[in-house]
Amino acid sequence: MKQIIDKWGKSIGIYLFLMVLFPFVMPDEYYRSVGIIIGLQAIVTIGLCLVMGLAGQISLGQAAFWGIGAYTSAVLTTKYGLPPFIGLIAAAIVPGLFAFILGRAIAGLQGYYLAMATLAFGYIVQIGITEWEPVTGGANGMISIPQMTFFGGSELSMYFLIWGVVTCVLLFSLNLLNSRVGRAFRAIHKSEIAATSMGIDVRKFKLNAFVVSGMFAGISGGLYAHYMGILDPQPFGLHESIKFLTMVVIGGMTSIWGALVGTILIGFISEGLVLLSEVVPGLQGDVDTIVFGAILVLFIMFMPEGLVPRIRTAFEKGQAKKAKGMAEEAQRKQQVERKAAT
């Protein structure tokens, strides 16, 4: 933890300050709900960043793990009367098991083949949720899902609960990134052949990243179910997976902070499009899909490394230029002093 504070202390401080400040600056219930949804999405995208940015895998089925977690917790609490806390634990374990099974099955796939396999898994899960009507309620969904009673269950308390989970996931991921496991992930991302030659078990580490990512998505799904109180299969399809992918790519696939920043940006753009559609006729429908697709293409073309890594690189170049200028200025002063002395 000390290494994390030393390396990212300022960033963590700014993040905590803004996170605590937001619900008081935006006291309206609508904006608090927007903040809650963005927090839920951030949990998923940080996990997806581990898979894509560190382990070098492409996943188009992240929304499926999100849905599995949501329905797992919803079914256990509504049909079996278990407390939401137990439902959330199951919401982490069950998607983790699915991720383990899927990860073992597709361990030998790479690139587009891996993307297609996860895409197919996402379709299977969404169809399964829709057709398993006795358990999931089918296309009609589920209602009367118990709310979380964290400090009374108010909108503000739910905001801090969910962003508390985001903070735990963020710190865990930063610690993982700074550990021996994180260094192994980065080696795999750069070159699997080179990583294998160094004795790294590539399949094992990729599977671990996939499982952790699935568990993060499941926890988010469970929280989503208990926050919304109702569920239907629609939010857990390809559209949402593409949205998660866009968030990670925009922020920066190799940056945990990038995943968080990308989620916040896309979250507010999404809400802006919703508000705009109410004012401008003809913007209803899947306009957000077109906008997100265009943003994704533009970033891949012109800023493939993502927003946060680009800003970090520009800042480091600026610091290096400033240091070089100061060194040159000091050298000129020394030369002037020598000439004056002679």
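What counts, and at which threshold
- Starting from 1, residues in each chain are numbered consecutively following that chain's sequence as written.
- Under the rules for a predicted model, residues below a pLDDT of 70 receive no local features and side-chain atom pairs below 80 are neither given nor counted, while totals for whole chains, interfaces and linings still include all residues.
- Based on all heavy atoms of the structure, the side-chain values leave hydrogens and waters out of the count.
- UniProt positions are given in the numbering used here, feature names are shortened, and annotations may be inferred rather than shown by experiment.
- Secondary structure follows DSSP: runs of H or I at least 4 residues long count as helices, runs of E at least 2 residues long count as strands, and numbering of each begins at the N terminus.
- Boundaries between domains were set according to an automatic or database domain assignment.
- Any two residues whose heavy atoms approach within 4.5 Å are treated as being in contact.
- Accessible-area loss on putting two parts together, using a 1.4 Å probe and summing over both, is the definition of buried area adopted here.
- The working definition used for a salt bridge is a side-chain nitrogen of Lys or Arg within 4 Å of a carboxyl oxygen of Asp or Glu.
- Any pair of nitrogen or oxygen atoms within 3.5 Å is treated as a polar contact; in protein, a donor-acceptor pairing is required on top of that, and neighbouring residues in sequence qualify only through side-chain atoms on both sides.
- Residues qualify for a patch when their relative accessible area is over 30% and they have no salt bridge, like charges being joined within 9 Å and the nonpolar side chains of Val, Leu, Ile, Met, Phe, Trp and Tyr within 5 Å.
- Only the protein chains shown count as covering a residue, and every accessible area follows the Shrake-Rupley method with a 1.4 Å probe.
- Each residue is assigned to one of three classes by its accessible area relative to the maximum for its type, calculated with a 1.4 Å probe on protein chains only: buried under 20%, partly exposed between the two thresholds, exposed over 50%.
- Under the convention used throughout, the expected extent of a helix is 1.5 Å for every residue step, that is, one less than its residue count.
- Pairs were defined over the aromatic rings of Phe, Tyr and Trp, the Trp ring being its six-membered one, requiring ring centres within 6.5 Å. Orientation was assigned from the angle between planes: stacked under 30 degrees, edge-to-face over 60, tilted for the rest.

Engineer: Help me out: how do you make sense of the UniProt feature "transmembrane region" (unreviewed entry) in the protein in this one?
Structural biologist: Using the residue numbers shown here, the UniProt feature "transmembrane region" (unreviewed entry) corresponds to residues 12-27, 33-56, 86-105, 112-129, 156-177, 244-269 and 289-308. End-to-end, the C-alpha atoms of residues 112-129 are 26 Å apart, and along that stretch the chain is 100% helix and 0% strand. This span, residues 244-269, is 85% helix and 0% strand, and a straight line between its end C-alpha atoms measures 13 Å.

Engineer: What am I meant to see in the domain arrangement of the protein here?
Structural biologist: It is common to give the size of an interface as the accessible area lost on bringing the parts into contact. Looking at the assigned domains, one finds that the protein contains domain 1 (1-305) and domain 2 (307-341). Here the C-alpha centre of domain 2 lies 42 Å away from the C-alpha centre of domain 1. Every contact between the two is made by 13 residues of domain 1 and, on the other side, 5 residues of domain 2. Between domain 1 and domain 2, the buried area comes to about 680 Å², and carbon and sulfur atoms account for 61% of it. Looking at the side of domain 1 facing domain 2, the largest losses of area belong to Ser255, Met303 and Glu305, adding up to 53% of the total buried there. Inspection of the region where domain 1 meets domain 2 yields 1 salt bridge. Between Arg310 and Glu305 there is a salt bridge; the shortest N-O distance is 2.4 Å. Linking domain 1 to domain 2 there are 5 residue pairs in polar contact (both at pLDDT 80 or more).

Engineer: Is there a simple way to explain a nonpolar patch on the surface in this structure?
Structural biologist: A cluster of nonpolar residues, Ile14, Phe17, Leu18, Leu21, Val25, Met26, Tyr30, Tyr31 and Leu275, forms a patch on the protein surface that exposes about 810 Å² of accessible area. Looking at the nonpolar patch, the elements that each hand over two or more residues are helix H1 (2-25) and helix H2 (29-54). Tracing the backbone shows Tyr30 in helix H2. Using a relative accessible area of 31% as the deciding quantity, one classes Tyr30 as partly exposed.

Engineer: What am I meant to see in helix H11 (residues 238-251) here?
Structural biologist: One turn of an α-helix holds 3.6 residues; hence residues three or four places apart share an orientation. Taking 1.5 Å per residue, 14 residues should reach 20 Å; H11 reaches 20 Å between its end C-alpha atoms and fits that length. Here H11 lies mainly inside the structure; 11 of its 14 residues are buried. Here H11 has its buried residues at Glu240, Ser241, Lys243, Phe244, Leu245, Thr246, Met247, Val248, Val249, Ile250 and Gly251. On its buried face, H11 sits against H2, helix H3 (62-78), helix H12 (256-279), helix H13 (287-302) and helix H14 (307-341).

Engineer: I'm lost on the side chain of Thr77 in this one. Help?
Structural biologist: Topologically, Thr77 is positioned in helix H3. Looking at Thr77, the relative accessible area reads 6%, which means it is buried. A distance of 3.2 Å separates the side chain of Thr77 from the backbone oxygen of Ala74, its partner in a polar contact. In this structure Thr77 touches Leu82, Pro83, Pro84, Ile145, Pro146 and His226, once residues within four positions along its chain are discounted.

Engineer: Teacher, can you tell me more about the packing of aromatic side chains here?
Structural biologist: For any two aromatic rings, the description comes down to two numbers: the centre-to-centre distance and the angle of the planes. Applying the stated criterion to the full structure yields 17 aromatic pairs. Here the aromatic rings of Phe22 and Tyr159 are separated by 6.1 Å at their centres, their planes lie at 25 degrees, and the arrangement is stacked. One end of the pair, Phe22, is in helix H1; the other, Tyr159, is in helix H7 (residues 155-177), and 137 residues separate them in sequence. Taking 5.2 Å as the distance between ring centres and 35 degrees as the angle between the ring planes, the aromatic pair formed by Phe65 and Phe121 counts as tilted. Linking Phe65 in helix H3 with Phe121 in helix H5 (residues 111-131), this pair joins segments that are 56 residues apart in sequence. Neither residue differs from the other here; Phe65 and Phe121 are each classed as buried. In textbook terms, an aromatic cluster arises when at least three aromatic residues are bridged by ring pairs, as seen for Tyr15, Phe22, Phe24, Tyr159, Phe160, Trp163, Trp257 and Phe268.

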